[in-house]
Protein chains: 2
Amino acid sequence: MSEKLYDFLEKTVGKDLWTKDLIDLVSYSSDASLNKNRPEAGVWPETAEQVAAILAFCNREKIPVTPRGAGTGLTGLAVPVQGGLVMDLGRMDKILKVSLDDRLAVVQPGVVYAALEEALDPYGFFFPPDPASGKVATLGGNVATNAGGMKGAKYGTTKDYVLGLQVALPDGRLMRTGSNTMKTSSGYNLTQLFVGCEGTLGVVTEITLKINPRPTANSTALATFDKMEQAGRAVTDIMKSGIIPSVLEIIDNATLVAINQNSDMGLPEVGGMLLVETDGYTQGETEYQLEKVIDLFKKNGALEVRKAASDEEAQSLWLARKSSYAVISRISNALLVEDMAVPMSQVAYMLAYLDDLAARHKVRIATVGHAGDGNLHPTICFDGTDEEEVKRVHAASKELFKKVVEVGGTLTGEHGIGMDKAPYMSLEHDQAAMETMRGLKKFFDPNNILNPDKMSV
Amino acid sequence: MSEKLYDFLEKTVGKDLWTKDLIDLVSYSSDASLNKNRPEAGVWPETAEQVAAILAFCNREKIPVTPRGAGTGLTGLAVPVQGGLVMDLGRMDKILKVSLDDRLAVVQPGVVYAALEEALDPYGFFFPPDPASGKVATLGGNVATNAGGMKGAKYGTTKDYVLGLQVALPDGRLMRTGSNTMKTSSGYNLTQLFVGCEGTLGVVTEITLKINPRPTANSTALATFDKMEQAGRAVTDIMKSGIIPSVLEIIDNATLVAINQNSDMGLPEVGGMLLVETDGYTQGETEYQLEKVIDLFKKNGALEVRKAASDEEAQSLWLARKSSYAVISRISNALLVEDMAVPMSQVAYMLAYLDDLAARHKVRIATVGHAGDGNLHPTICFDGTDEEEVKRVHAASKELFKKVVEVGGTLTGEHGIGMDKAPYMSLEHDQAAMETMRGLKKFFDPNNILNPDKMSV
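What you see is a predicted model, and the numbers here were worked out from it, not measured in a lab.

S.K.: Which parts of the structure should I look at to understand the side chain of T177 of chain B?
M.R.: Residues and elements named next belong to chain B. Structurally, T177 can be placed in strand 9 (residues 174-178). A distance of 2.9 Å separates a polar atom in the side chain of T177 from a polar atom in the side chain of T191. Those residues in contact with T177 that lie beyond four places of it in its chain are L163, G164, L165, L190 and T191.

S.K.: Whenever I open this one, the UniProt feature "domain: FAD-binding PCMH-type" (unreviewed entry) in chain A confuses me. Can you help?
M.R.: The positions UniProt marks with the feature "domain: FAD-binding PCMH-type" (unreviewed entry) are residues 35-214 of chain A. End C-alpha atoms of residues 35-214 of chain A are separated by 38 Å, and the span's content is 21% helix alongside 24% strand.

S.K.: What's the story with the nonpolar core in this structure? I'm lost.
M.R.: Side chains of nonpolar character tend, in soluble globular proteins, to be buried together. Of all hydrophobic cores here, the largest spans 86 residues; its most connected members are F194 of chain A together with F194 of chain B. When sequence neighbours within four positions are dropped, the list of residues in contact with F194 of chain A reads V143, L165, V167, L169, M175, L201, G202 and F444 of chain A. V235, A334, I380 and V404 of chain B belong to the second-largest nonpolar core, a separate cluster that totals 50 residues.

S.K.: Teacher, can you tell me more about the domain arrangement of chain A here?
M.R.: Many authors give the size of an interface as the accessible area that is lost as the parts come together. The assigned domain composition of chain A is domain 1 (3-88), domain 2 (95-213) and domain 3 (217-407). Taking only C-alpha atoms into account, the centre of domain 1 of chain A sits 37 Å from that of domain 3 of chain A.

S.K.: Explanation requested: the packing of aromatic side chains in the structure shown.
M.R.: Aromatic ring pairs: the centre-centre distance and the angle between the two ring planes describe each pair. Going through the model one piece at a time under the given rule, you end up with 20 aromatic pairs over all chains. Between F8 of chain A and F57 of chain A the ring centres are 4.0 Å apart and the planes differ by 5 degrees, which places this aromatic pair in the stacked class. With F8 of chain A in helix 1 (residues 2-12) and F57 of chain A in helix 3 (residues 48-61), this pair connects stretches of sequence that are 49 residues apart. F57 of chain A carries the same exposure label as F8 of chain A, and that label is buried. Ring geometry for Y113 of chain B versus F127 of chain B: centroids 5.6 Å apart, planes at 40 degrees, classification tilted. Here the residue Y113 of chain B occupies a position in helix 4 (residues 113-120), and F127 of chain B occupies one in the loop between strand 7 (125-126) and helix 5 (139-145), the gap between them amounting to 14 residues.

S.K.: Would you mind going over unusual backbone geometry with me for this structure?
M.R.: Residues and elements named next belong to chain A. Within the chain, K62 stands out as a residue other than glycine whose phi angle is a positive 55 degrees. Along the chain, K62 turns up in the loop between helix 3 and strand 3 (65-68). Owing to a relative accessible area of 55%, K62 belongs among the exposed residues under this scheme. With a phi close to 50 degrees, K362 is a non-glycine residue in the positive phi region. With respect to the helices, strands and loops of the structure, K362 is situated in the loop between helix 13 (347-361) and strand 18 (364-370).

S.K.: What is the right way to look at the pairing of strand 19 (residues 375-382) of chain A in this model?
M.R.: Remark: a regular strand shows side chains that alternate across the two faces of the sheet. All names here are of chain A. Burial of strand 19 is extensive: eight of the eight residues sit out of reach of the surface. Here strand 19 shows a buried face lined by N375, H377, T379 and C381 and a second buried face lined by L376, P378, I380 and F382. Bridge count between strand 16 (residues 334-337) and strand 19: four bridges; the pairing is antiparallel. By the bridge assignment for strand 19, L335 is matched with C381. The sheet contact formed by strand 18 and strand 19 spans seven bridges and is antiparallel. Across the sheet, H370 pairs through a bridge with N375, a residue of strand 19.

S.K.: Which parts of the structure should I look at to understand the sheet that holds strand 9 (residues 174-178) of chain A?
M.R.: The strands that make up a sheet are held in pairs by hydrogen bonds between backbone atoms, and each pair lies either parallel or antiparallel. All names here are of chain A. Taking strand neighbours across the sheet as the criterion, the five strands line up as 5-6-10-8-9 in an open arrangement whose pairing is antiparallel. Each edge of the open sheet carries a strand with a single partner, namely strand 5 (95-99) and strand 9. Here the average twist between neighbouring strands, direction ignored, is 10 degrees. Both strand 8 (residues 162-168) and strand 10 (residues 203-210) contribute to a ladder of six bridges, which runs antiparallel. The partner of L165 across the bridge, within strand 10, is I207. Strands in contact with helix 4 (residues 113-120) are strand 5, strand 6 (104-107) and strand 10; relative to strand 5, the strand with the most contacts, it is inclined by about 35 degrees.

S.K.: For this particular structure, what's the right way to read the packing of helix 1 of chain A against helix 3 of chain A?
M.R.: The packing of two helices is summarised by the inter-axis angle and the distance between the axes. All names here are of chain A. Where helix 1 contacts helix 3, the two axes come as close as 11 Å, and the packing angle between them is 160 degrees. One way to sum up the angle between helix 1 and helix 3 is to call them roughly antiparallel. Classified by chirality, the crossing of helix 3 by helix 1 is right-handed. Note on element contacts: helix 3 touches helix 1 through Q50, A53, I54, F57, C58 and E61, opposite K4, L5, F8 and T12. The residue inventory of the contact of helix 1 with helix 3, partitioned by class, reads six nonpolar, two polar and two charged.

S.K.: Can you walk me through helix 9 (residues 253-261) of chain A in this structure?
M.R.: For an α-helix, the turn length of 3.6 residues means that residues three or four places apart are oriented alike. Every buried residue belonging to helix 9 of chain A is among T255, L256, A258, I259 and N260 of chain A, and all of these are buried. Structurally, helix 9 of chain A contributes buried residues whose contacts are with strand 13 (247-252), strand 14 (272-280), helix 11 (311-322), helix 12 (324-328) and strand 18 of chain A.

S.K.: Looking at this model, I keep getting lost on the sheet that holds strand 2 (residues 41-43) of chain B. Mind explaining?
M.R.: Residue and element names in this part refer to chain B. Strand order in the open sheet formed by four strands is 1-2-4-3, and the pairing between neighbours is mixed. The open sheet has two edge strands, strand 1 (18-19) and strand 3 (65-68), and neither has a second partner. Examined bridge by bridge, strand 2 and strand 4 (residues 85-88) share three bridges and lie parallel to one another. Note that in strand 4 the partner of A41 across the bridge is L85. Sitting on the sheet, helix 1 (residues 2-12) is in contact with strand 1, strand 2 and strand 4, with an inclination near 20 degrees to strand 2. Lying on the sheet, helix 3 (residues 48-61) is in contact with strand 2, strand 3 and strand 4; it crosses strand 4 at an angle near 165 degrees.

S.K.: Sorry, what's going on with the pairing of strand 12 (residues 217-225) of chain B here?
M.R.: Residues and elements named next belong to chain B. Across the nine residues that make up strand 12, a large majority, eight, are buried. Taken together, the nine bridges between strand 12 and strand 14 (residues 272-280) define a ladder with antiparallel strand orientation. Bridged to A223 within strand 14 is L274. In the sheet, strand 12 pairs with strand 15 (residues 304-307) via four bridges, with the strands oriented antiparallel. Among the inter-strand pairings, T224 is bridged to a residue of strand 15, identified as E304.

S.K.: Help me understand the pattern of salt bridges, please; the structure alone is not making it clear to me.
M.R.: By the definition in use, this model includes 56 salt bridges over all chains. In this structure, the salt-bridge partner of D130 of chain B is K322 of chain B, at a minimum N-O distance of 3.0 Å. Taken together, the positions of D130 of chain B in the loop between strand 7 and helix 5 and K322 of chain B in helix 11 (residues 311-322) put the pair 192 residues apart, joining distant regions of the chain. Note on D130 of chain B: relative accessible area 9%, which makes it buried. The shortest N-O distance in the salt bridge between R176 of chain B and E206 of chain B comes to 3.1 Å. Of the two residues, R176 of chain B sits in strand 9 while E206 of chain B sits in strand 10 (residues 203-210), which places them 30 residues apart along the sequence. When its relative accessible area of 16% is taken as the criterion, E206 of chain B is described as buried. Put simply, E117, D121 and R214 of chain A are held in one network by salt bridges that share partners.

Thresholds, definitions, all that
Residues numbered from 1 in each chain as written. Chains lettered and ligands numbered in written order. Predicted model: local features only at pLDDT ≥ 70, side-chain atom pairs only at ≥ 80, totals over all residues. Heavy atoms only, no water. Helix = DSSP H or I, 4+ residues; strand = E, 2+ residues; numbered from the N terminus. Polar contact = N/O pair within 3.5 Å; in protein donor to acceptor, adjacent residues only side chain to side chain. Contact = heavy atoms within 4.5 Å. UniProt positions renumbered as here; feature names shortened; annotations may be inferred. Core = buried A, V, L, I, M, F, W, Y, C linked by side-chain atoms within 4.5 Å. Buried < 20%, exposed > 50% of the residue type's maximum accessible area, 1.4 Å probe, protein only. Domains from an automatic or database assignment. Phe/Tyr/Trp six-rings, centres within 6.5 Å; stacked < 30°, edge-to-face > 60°. Pairing = 2+ DSSP bridges. Axes fitted to C-alpha atoms, helices over the stretch in contact; angles between N-to-C directions. Parallel < 35°, antiparallel > 145°, perpendicular 65-115°, else oblique. Left-handed = near helix turned anticlockwise from the far one by under 90°. Nonpolar A, V, L, I, M, F, W, Y, C, P; charged D, E, K, R; others polar. Salt bridge = Lys/Arg side-chain N within 4 Å of Asp/Glu carboxyl O.

Right, here's the structure in full:
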């Protein structure tokens, strides 16, 4: 089978665009999760037509295909569990169009988030989701996971900006979904079936994104709390107050300590910290919102509230927050980054529960999160060589997923299901929904060649 | 077959909740479009379980079921083309929950848009789509068509607020989709398959909506222009300027004249008018935006720019705009309300094209629109008893659809495809997309009982 695949790739894309070299296959065995499996080949298609032709061949020959962006996924969704072919979309990295007149950008899936940001910046426009991995993650990956980030509370996630797609289907057809218009009610919303599908229904070969004008004013502040629970209550209060901050982030003690160990930020090593940004066109508007937020910080027992005195200070706070994954990864040799979202009323409860969970299972948890939309990232830090500890980590993780669903939450706010959460999907989704998802998978990909064994479909 | 259906309904919902009376069946023969066909029965289910049981029976017996909200649809989507059963969801009209802590509302499909608005108003929250028919249209209908309205340019449409659904599937299963959280990347986005599906894939029995804080400040202005084309160019300029007005509406001369004939508004009967609202938390913010917009009005040759001096004046302008459908409907005995959206760069071109189209086909067109998202409503006003004129209307309509697609637009921005645009769907969607939509229809509704003959699926 491998030989037939190699021959096909050689004939179809030519020797420079595919690989069976061990060094490449090892790179393509894993993503940013702990999962691993080696594929038989890797391919770097340069056109939608090549993607389609490769899928058609693999579909006929029943060879698994795992599409891959930058491999920054945290749940194993780019890991080729069944071997076969890894399709790296990284060479399809062109920004095809930026049209302010049409308020949209058209990109290939391999464009890095930051590259689009850079292209839009001179016009005063941006693509708001702002994932923490934006410096490396690709827009195709953003679409595959419905990626979010710090601006989610006010600006939503990737799905809110995808106007249309070109998708290669497993049988080799290319399909356009959506519209170049700001709104449409024409036919079924095929676009949103592919956003967040983790490459299990089709391979996205082109993305049309709505773009937003970047607000021209903002104000930033931080508040410290004795306990994360107090910070959580402040979050619920803020989000029901009438104000929607453009950013509302939470950082726990373990993360603050780790940031200080790796920087000269000198952050206060308190129980919990909230970072807030409000935005608008005028300073009066952003200050008005910030004052309302600060009142709610104080009402919920903030120890200290400090406004950023300058843009530089604000930027360094955001940088500190964005570095949290990197600095936490130095705490221990293994990490399990969780990514649940809970209803806005449950933020404080979940934060208290996480403390309790860590104590009961004797595991270390460092938590940050996009608090403004209830999206928390508790990271379990552990010694991957200690079997007993690994067992405790998995037990804690399993209990956490059950609790998240019990309070009406979701297993993943922005990272996707991938492999790690696949066994838990039916906790969250009822039987009819699971049957429907599996039926849709079968409808689009009857031979189950596209990113198999992901998402429990 | 009818007798068997009547027996089933009598047994299942009881005599007060179904009808075969001629007067009811005549009411259920049409919606706000020009289409008509009489069903064999009507039913008013009160629970999701009744809806599911009715679908299961009709699926077994292959009886067509047409779900219906308030019947305000303009494309025939509530018309029971194949007869059978009309399922009026109007009795499922309870607001089940308003939770500010969770930033959401849970409603039954028969709740009228205005009733939810009223329920949210005391808390300073709202559900933004704001369809023009909001005083009577139901939220279930809003979901079925992905309804939009005047706030779309800044706040999006119904789809942007539906967090989750309960849906009755044709085989009688009840399914929950989505989440009570502000974001999720868990599994396929089943929710958005049902938003805008026009009741062809399932019947929505419960809706969970994200709600927004209502801005506390706004500023309103109008600008008059000699030609609609100039107004259209101002629209494109505004939407690329960095400002996103909360409302940006366009009204043509024919509509202005009609409004004046039916009110004491005394609007200037110019070639075209733009109405704009900017919003925020502070008056400084809204005025700042308004001044920017006004500069662009002037740059594009506005004859007059007038700020609303008071809230009352602003309200009366919005009321005038919202009355346009009612006043235009008095011009002639028949109307065809079109509803296309075009890319933002094409607004001016389409407005000029509409003038030309009307002249060439000798038809009268009155145009209003949600200009800020490129959604135009040219209404063809005609004498439905004049066969020659009816032919010209259909010819003009067909040419219009082709042109819309040619400039990259969509057949419908917010009304849906229904019956009227079904023949034109494949102009907009490529073959793979049409096949996929038809395949999805078959997957969810293999016996084609749900709102058959709509949307060309």
